[in-house]
Structure formats: C-alpha cells, structure tokens
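Chain by chain, the residues run as shown.
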Amino acid sequence: MTSIDAPVAPALRPATLPAAPVGRRRRRTRPEPFTVASYVGVSFFGLICAVPFWMVIAGSLTDESVLSQTGYSFWPSPFSLAAYETIFAGSRVWLSYGATLFITVVGTTIAVAATSGIAWVIARGLPWASRSLAVYAYIPMLFTGGLVPMYILITQVLQLRNSWFSVILPLVIAPFLVFVQVSFFRGTPQEILDAARIDGAGELRVFFQIVLPLSKPVIAVIALFYAVTFWNEWFHALLFISEPDKYPLQLVLQNLITSVANAADLGSTASAPVYQIRLAMTVITIGPILLAYPFAQRYFVKGLTLGATKG
Amino acid sequence: MTPILDGAAPARPVSRRSFLAGSGGVLAAAALAACSPGAGSAGTTYDLLLPGDVPAQWDRVRGLVNAKLKADLGFEFSPEFINWTNYSSQALLKFTAGEDFQTALSARWLNIAQLIESQALEPLDDALASGDYPHLVASVNQDAFDANRWPDGAIYGIPAVNSAARIHHHIARGDLVDKYAGGSIENFDQLEKFWYDVVQKEGIPGYINRNSPFDVLGAPTGALYAQGWETPDLLPLYFSSDSLMFVPAQDAATTGSTNAVPFWEHAPYRESLHRVRKYYQDGIINADRLNADPATLKSQFDGGGAATTWGITDGLDTAGHLDQLEKAVPGATLMTLLPFRDGQSTRPHQTFQADNLVVVNAAGADTAAALQLLDWVSIQENHDLLQYGEEGTDWEPVGDDAYEPIGDYANFPGFALSWRIPLERKYSRMSESESSWFEWSKDYNNFTLDPFASFIPDLTEIETEHAQITAAVAEFGNPLFAGAVEVDKGLDKLKKAVDQAGLAKVQDELNRQADAHLAGS
C-alpha cells in the first residue's frame, strides 16, 4: 500500500520581503470597535461565570459559624480548612473518587469506541445497514423505554445492581454525538479512502489507519462530552448502586446536599461543618473535570464545526 | 512510509492491534466487573428499604446485629438506605419493578394508597393474630393497630411510632426564653411577643421552617396557627396532604353531615393566613420558606441563627440540635414549647394514624422472615442494639429508660423499622420540658379521638380533578402559606384556579365519602 504524502511545508520566507509599512503598525494599536465590544462582552460574561465559582471556593474556606449566619462572602473570613480536613479525614471521598474515575475512564472508552463504530457504518451509506442503524440510533432521541423497564433490565435481566457498569451502559450511545460524528466522517475525502482501497486496504484497516487518525478532533470532542457526562452522572448511581463504598463522587455530593447527616459519613463526627462541606465538596467534585477542557480545547471548535458544516 | 495526514496535524495512526487489544481489555474488565458485584443477596440475607442516611459506624453495628440475628433466626439483613429526597420515588420504583426486598417505610404521606391498590403490600391481620409474633403484638398498642386499618378493614403496616400522637410544636432557644420571656412561655401571645423581641434585639428570625400548610392551618396544632393552641379540636380533611384542605362542620359527628368546606371559609384559618403574612413582612419567619431545604434550616438554627424552629413530639428535639448548638453558641440551651392555653390538661384531637408504617412487600423473598425480623426488633435487647448500638461502646444506660451516647453511632432510622413506645429510651440530656411533653404524648388518654380518625378518602373517582387542584395549590397556595403574597389577592387566585380544576366535584365526593364514614362508625 502506498501512503498519502503530507503536503510539503512552504519554503522559508525570502529574505527580501519588504518590511511592514508604518501605517499598518498604527492600525494594530487601534482595534476595531467590534473587537473591543466583543472583549468587553466576553470578559463580562466570564466574570458572571467566575464570580459564583469564586464565592463557592471562598465559602468552602470560610468558618462554618460565620457562613451559617451571614451566607456567602467574597473573601474567606475567618479562614478555615475544617471542611477539607473533614472530607479527607475519612475514606469515603477517596473511594468515591475511585468510583468516578473508573466510571469516567472506562465509560468514555467504551462510549467513544461504540459511537465511532456505529457512526462510521452510518456514514458509509451502506444500503443494507446504514439506514437501519441510523433509525436505530435516532429513535432514542425521540422516545425512551421508560424508567421501570430500564430498571428491570438493569437489575433483573443484566443483574448489574451495585456494579459501576449499571451507570456506564445506559449512557454509552448518545444519539446526538453519533450524528455529530457521522457528519464529520462524511467529510472525510473520498479520494483518500479510495486510494487506500486501491492499495489493498480492507475496511477495518481503512477505519483504523485512515479514518480514525483523521478524526482526532471529533473524537476529542465526543470524548470530552462523554467524559463530562460520566463524571457528572449520579442518577443511575442513585437507582442502581446501594453500597456506599461504591457511590461515585456526584452521588456523595447529592446526598450531602439533601441531608446534613451525610456529613458525618464522610469520616468525621456528626458535628461536621455542613455548609462548608457542601461547598468544599463542590470544589473537589468539579475540579478535575475542569482540567479536561484545556486539553481538548484545541480540537473543540474544529471538531464541532467540521461536523456541522460538512454534513 | 510517509505520514498520512496533512502537515498541520501530523498523526500517529492507531494500530488495529493496539485498538483491538485495548477494546478487548475493556470488554474483559466489563464482563468481570459486571458479573461480580451484582449477584444479589446471599441465600439467607434479606434486603430492606430504609429512608435517610447510612448511620456513622453502620458497618460495625450491622455486623453485630447480623451475628445475633443469625444466631436467633438463621438469617441476616441488609438494609438499603435511600436519602429522604428520593425515598418516595425510589421505593415506589422498587415496588413497581417487583423487587424482593422485605420491608419498607410507607404511610399516607408517602404512597401507601397506591401500593395497597396495586396489591404490593402483604395484609398482616392473619399473621398478627397467629400468635407467632408475640413481642411485636405486645409492643404496639392495639389502638394504634386499629387506627391504622385501611378502609377495607385490613392492616397493611406496623405503626412504628414512639408516642401516641405527634404534636407539631416549637423547639426554642431556652437561653433566649430566659432572656426575653422570663424563662417560660405559657401561651401563643407570649410566644409572639418573644419572637418580636428576639427579632428586634437579636436580629435573628423568631421562627424558621420550610413551607408547610400545617404550620399555618394546623392539624390540630401548627407553629403559626394561634387558634390551634387555644382549642386544638380541628383536623382538616384532605385527599392528600399536598392538596386542598377542607374543614368539616363542627357538629359533623352528631348530625352525620360532614358539610366540609374549603379551608378559606374557616375564619381562624383566614386569620392565620393574615398573621403569617404579617410575620413575613416583619421578619418573624424566614423569608426563604418556599425554597429552603431542611438541612440548611437545621444548620441555621443549630448555628444560633433563629429563636425557634419546628419540632414534633418524637423525643428528638434535644438530641437533634443540642450538641451543635452548644458548639456554636456557648451556654445555649433548648426548650420544647407547646403553648397550649390549658397546658398539659389539653386533650387535642387525634386520628392516631401513624406517620410511619413498616409495610411488608408482597413480592418479598420471605414474608414470614420479614415478620420474624419485626418481632425480633421488638425485644428490648435487640431493639437497643439496632437503635443505639453496642452497649458500652456506643451508649450507656442512664436510669431505667434513658441512654447516653458515648460513640459516633447515631441516626438509625428506627421509625422505619424498630420504634416501639414501650422500648424507646430517652436521650440522657433531653431537656426537662421535652421530657415532660414527650411523656405526655405517649399516653393515648391525653388525646381525643377525632370523629374522622379512621377516615381515609378514596380519590379514584376524582383523580383528574385532584391532580389539577394539587397543581393549583402548589402554584397559588404555597406562596400564601409562606406569607409571600398579599392574602386577599392570593386567595382570589387560588379560588379561581381550584374552581376551574373541579373544586365542586372534589368537595362533593369528599362529603359523600365522609358522610358514609360517619354513618358507618
């Protein structure tokens, strides 16, 4: 098989290029009004998002006695780490971190593999499979089987009670993301695929060695969507996981919000700082997934817009 | 071989081998993990549903309980704790799915009507009469069983109560009562004056609670319902507690004619709505009643952020607040307030319908074992082990009927399994006032049996109208009960909405059923 050569990078800029005119330099120092307005608008919006987040952080570091009396404040005064000490004193948070990591990593892996597979088959336009698979993927966007049938399926047919896969499996195919990926796959140049086939590549090889490497942007995007979904998932855990040692982080947080007594279960005594712990748990819970965004950001716009415009 | 991609995005192709290996690994892990933990309970371990949170130190205490349970009865139990917010829907889902857990908590304010209608609950009359469960029968008053019979005459739940009647009241800061009310509050007028003094001089609300019609309308007492502390003889009628309240005629029992009218036609209720509105505007009650959650309010009260909060005569006023309050406000004390005009000689009307019923799942793995468990926890030694933990490690007996917690084990939801009036121990630091009122509440003779005591209306005929009226009450009634809207305008909106929803039909149906009840009793 021959491989597809990358375009040759352009030669270095000739040394004789004229210097930039002085007037052009001046224009750079006077940005367009629209740009200024955009920056102001985006900065303002960013501030609106950042302030509540900061107040959650500040609240988690404010002493419980003041917090319960006066509510949120912009600066943590008096400063207190009691909530974080309480949370990390017991094993509950560590165990739930482990559970959430498992659900997120394994769930995202399975979901990306399943979504990519079904999306590629749909995108290829095979007369005997693509349409039926598209309908199969599309129907759950409109209808669901309902809570009780799903509950019976998971607990009695699949026997997945108290298994993290009871949280993972219901979410491994998101129809919207399937169609985003289908759109992206359809934008793959047919010439490249034809060239590979002429060179003797089978369909699996085309998929693994041509399509997937070309689809990194969209894979990164759907992986991020799935990762965030799995990270934030608590409802299926609430339904199917009853052993506290297997609770994911979000269910621990949800229980904590609904009841003060759960604070005692984090490893300290019944007199744990409840207000503070709720805010500290929020910080602990959202922190790691926020870190995923910078890594995926460079693919984000490209992955979504290519899928959207080339469909 | 040259790279496949364009120069801007060089890629390392995913090899088929590594992809397949990765996928295989994930699937193998999936299969292993999926198979191992979900195998369900072992042969002699029975599941139960309990509301609330897993108590601290639960694994250790459960081990002790199971060891004794296995030695005595040959099986173990494995309760599943479901937090309160989700308990009702989760329990209903599990019943609907036909899960084989043994027992659960239910009641009219949960979903017992639906469960009985769908035959999801085991009738218990024959078992209770069989003589096989002597400790259970001996520890629950026959009056309690009789008051909790369903209209078909059957008993579907064991009343898990620790007092004869649960009277809504106030838990007050004793140190503030000393400071502003001379150490005692004997009636509602004094209580109101105390609230205003506290708001003016301490800058904290007088009373905090989440929004509840029972605070305002009373049944028969309500924290903000003044008339209920004068003459606690009115229990409103309703198809469900989140729907519209009706007031029966005062002489219904003698005339046989219920003649129930919507709550706004009862003058003391209208007066109460205006009073609550005034409290709202004056800062006596918390302004966030409509959306405040119980945990936040408890934390606020325990942090010294209010003068009084809601309580019920279940013996948990002091135990639930004192430790944390003392940490936040050194020197603070607690007091249980029931400002009846006639003090403890009052005989409030009661239905004796239990707030908590332990029901046996008809689809349970072994209904006989479920009743054996209920009988087993009706023995003092077993009851104490489950409810207070290991003696000497978790608690010490104080006198004959009290306990002092010395460990972290706490908050077992005995109300969903093991509460029995003769077996309950009092918290050793229970305030004198709470102790007095708690003892008073245990005696059935201190209450008057309401003529509608065993009346449980059936909403089959008016389900649609009832649902629409419930929605109207949620939209227009709740702001009224919170004091958040002007009373006359709010009532006009509520009346209009419930009229359109079918008030007349619902009212007629309620009166028809209530009259039939009076005729049959």
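Counting of residues starts from 1 at the beginning of each chain's written sequence and follows it residue by residue. In the order they appear in the text, chains get letters beginning with A and ligands get numbers beginning with 1. Only residues with pLDDT of 70 or above have their local features reported here, since the model is predicted, and side-chain atom pairs are shown and tallied only from 80 upward, although totals for entire chains, interfaces and linings are computed over all residues. Excluding hydrogens and water, the side-chain figures rest on all heavy atoms present in the structure.

1. Observations regarding the overall build of chain A
- Along the backbone of chain A there are 15 helices and 0 strands.
- For chain A, the residues scored as buried account for 43% of the 311 residues in total.
- Throughout, a contact is declared for two residues whenever any of their heavy atoms are within 4.5 Å. Of the contacts made within chain A by residues no fewer than 6 positions apart, 74% connect residues no fewer than 24 positions apart.
- To be clear on the numbers: accessible area is Shrake-Rupley with a 1.4 Å probe, and residue cover counts the displayed protein chains and nothing else. Looking at chain A as shown, the accessible area adds up to about 16500 Å², and 68% of this sits on carbon and sulfur atoms. Helical segments are the DSSP runs of H or I of at least four residues, strand segments are the runs of E of at least two, and each set is numbered from the N terminus. Note on exposure labels: buried denotes an accessible area under 20% of the residue type's maximum, exposed denotes more than 50%, and partly exposed covers the range between, all computed with a 1.4 Å probe on protein chains only.

2. Brief notes about the overall build of chain B
- Within chain B, the secondary structure is distributed over 21 helices and 16 strands.
- Among the 521 residues that make up chain B, the fraction classed as buried is 55%.
- When contacts within chain B are restricted to residue pairs at least 6 apart in sequence, those whose partners lie at least 24 apart make up 75%.
- Carbon and sulfur atoms provide 50% of the accessible area of chain B, an area that totals close to 21200 Å².

3. Structural notes on the sheet that holds strand β4 (residues 157-159) of chain B
All names here are of chain B.
- Two strands pair if DSSP finds at least two bridges between them. An order of β3-β12-β4 is seen for the 3 strands of this open sheet, with the pairing classed as antiparallel. The open sheet has two edge strands, β3 (103-106) and β4, and neither has a second partner. Each adjacent strand pair in this sheet contributes to an overall mean axis angle of 30°, direction not counted.
- When β4 meets strand β12 (residues 357-360), the two strands line up antiparallel, connected through 3 bridges. Bridging across to β12, G157 finds its partner in V359.
- A fitted line through C-alpha atoms represents every axis, and for helices the fit uses only the stretch in contact; the resulting angles, taken between N-to-C directions, go from 0 to 180 degrees. Contacts between helix α16 (residues 367-376) and the sheet are confined to β3, β4 and β12, with β12 contributing the most and set at about 155° to the helix.

4. Examining the pattern of salt bridges
- The working definition used for a salt bridge is a side-chain nitrogen of Lys or Arg within 4 Å of a carboxyl oxygen of Asp or Glu. Taken as a whole, this structure holds 32 salt bridges over all chains when the rule is applied.
- Here A:E203 ties to A:R124 by a salt bridge, and the two come within 2.9 Å at their closest N and O atoms. On the criterion of sequence distance, the pair formed by A:E203 in helix α11 (residues 203-214) and A:R124 in helix α5 (residues 92-124) is long-range, its members being 79 residues apart.
- Residue classification places A:E203 among the partly exposed residues on the basis of a relative accessible area of 32%.
- Of the residues examined, A:R124 reaches a relative accessible area of 32% and is grouped as partly exposed.
- The residue B:D282 makes a salt bridge to B:K278 at a minimum N-O spacing of 3.2 Å. Taken together, the positions of B:D282 and B:K278, both in helix α13 (residues 267-282) and 4 residues apart, correspond to about one turn of that helix.

5. Thoughts on the side chain of B:R173
Residues and elements named next belong to chain B.
- Relative to the assigned elements, R173 resides in strand β5 (residues 168-173).
- Using a relative accessible area of 5% as the deciding quantity, one classes R173 as buried.
- In contact with R173, not counting residues within four places along its chain, are F301, G304, A306, A307, L325, V329, A332 and T333.

6. Some remarks on a negative patch on the surface
Residues and elements named next belong to chain B.
- Where like charges cluster on the molecular surface, the negative patch consists of E117, D458, E461 and E463.
- Relative to the assigned elements, E461 resides in the loop between β16 (448-449) and α19 (463-482).
- With a relative accessible area of 53%, E461 lands in the exposed category. In this scheme, patches are assembled from residues that exceed 30% relative accessible area and form no salt bridge. Like charges are connected within 9 Å, while nonpolar side chains (Val, Leu, Ile, Met, Phe, Trp, Tyr) are connected within 5 Å. Counted as positive: Lys and Arg. Counted as negative: Asp and Glu. His and the chain ends are not counted at all. By convention, charge coordinates are those of NZ in Lys, CZ in Arg, CG in Asp, or CD in Glu.

7. Section: the nonpolar core
- If you look at the biggest cluster of nonpolar residues, it comprises 137 residues, and the most contacted ones within it are B:F77, B:I158, B:F194, B:W195, B:F263, B:L373 and B:L417.
- Sort the elements by how many residues they give to this core and helix α9 (residues 188-202) of chain B lands first, with 7 residues.
- Segmentation into domains, and thus their bounds, comes from an automatic or database assignment. Built from parts of two domains, this core gets at least three residues from each of domain 1 (45-164 + 354-424) and domain 2 (168-347 + 429-449) of chain B.
- A:A83, A:V93, A:V218 and A:A280 belong to the second largest nonpolar core, which has 74 residues in total. Here, nonpolar core refers to any group of buried Ala, Val, Leu, Ile, Met, Phe, Trp, Tyr and Cys residues whose side-chain atoms link them within 4.5 Å.

8. Let's talk about the packing of aromatic side chains
- A pair of Phe, Tyr and Trp rings is counted when the ring centres sit within 6.5 Å of each other, with Trp represented by its six-membered ring. The angle between the planes then sorts it: under 30 degrees is stacked, over 60 is edge-to-face, the rest tilted. Scanning the entire structure with this criterion turns up 41 aromatic pairs over all chains.
- Between the aromatic rings of A:F88 and A:W94, the centroid separation amounts to 5.0 Å while the plane-to-plane angle is 45°, which identifies the pairing as tilted.
- The class of A:F88 is partly exposed, set by a relative accessible area of 32%.
- With a centroid separation of 5.0 Å and an interplanar angle of 90°, the aromatic rings of B:W437 and B:W440 are classed as edge-to-face.

9. Notes on the pairing of strand β9 (residues 308-312) of chain B
Residues and elements named next belong to chain B.
- Judged by how many residues are buried, β9 sits mostly within the fold: 4 of 5 residues are covered.
- Sheet topology places β5 next to β9; 5 bridges connect them, and they run antiparallel. Residue pairing for β9: H170 is matched across the bridge by W310.
- Summarising the sheet, strand β6 (residues 207-208) and β9 pair through 2 bridges and their orientation is parallel. Following the sheet pairing, I208 is matched in β9 by T309.

10. A closer look at the sheet that holds strand β13 (residues 395-398) of chain B
All names here are of chain B.
- Judged by pairing direction, the sheet is mixed, and its 3 strands sit side by side in the order β13-β14-β15 without closing on themselves. A single partner strand is all that each edge strand has here, and the edge strands are β13 and β15 (426-427).
- Across 4 bridges, β13 lies against strand β14 (residues 402-405) in antiparallel orientation. Paired with V398 across the bridge in β14 is A402.

11. Quick notes on the confidence of the model for chain A
All names here are of chain A.
- Scored by pLDDT, chain A comes out at a mean of 81, with 80% of its residues at no less than 70.
- Within a predicted model, pLDDT stands for the predictor's per-residue confidence, ranging from 0 to 100. Element-level mean pLDDT values for chain A span from 55 in helix α1 (residues 22-29) up to 95 in helix α8 (residues 165-168).
- Across residues 1-23 the pLDDT falls below 50, and counting only partners more than four positions away or on other chains, this stretch makes 21 contacts in the model.
- Contacts from residues 264-270, a stretch scored under 50 in pLDDT, to residues over four places away or in other chains number 18 contacts.

12. So, the packing of α19(B) against helix α20 (residues 487-501) of chain B
Residues and elements named next belong to chain B.
- Between α19 and α20, the shortest axis-to-axis distance is 9 Å and the interhelical angle comes to 175°. Our classification of the angle between α19 and α20 gives roughly antiparallel. Mapping the contact onto sequence places E465, Q468, I469, A472, V473, F476, G477 and L480 in α19 and V487, G490, L491, K493, L494, A497, V498 and A501 in α20.
- Among the residues making up the contact of α19 with α20, the classes are represented as 11 nonpolar, 3 polar and 2 charged. Any angle that is under 35 degrees is reported as roughly parallel, and any over 145 degrees as roughly antiparallel; angles of 65 to 115 degrees are reported as roughly perpendicular and all others as oblique. Three classes are used, and their members are as follows: Ala, Val, Leu, Ile, Met, Phe, Trp, Tyr, Cys and Pro are nonpolar, Asp, Glu, Lys and Arg are charged, and the others, Gly among them, are polar.

13. Re a nonpolar patch on the surface
All names here are of chain A.
- Together, V135, Y138, I139, M141, L142, F143 and F176 give the surface a local cluster of nonpolar side chains, amounting to about 720 Å² of exposed area.
- The biggest single contributor to the nonpolar patch is helix α6 (residues 130-142), with 5 residues.
- Its location among the elements puts Y138 in helix α6.
- Judged by its relative accessible area of 42%, Y138 falls in the partly exposed class.

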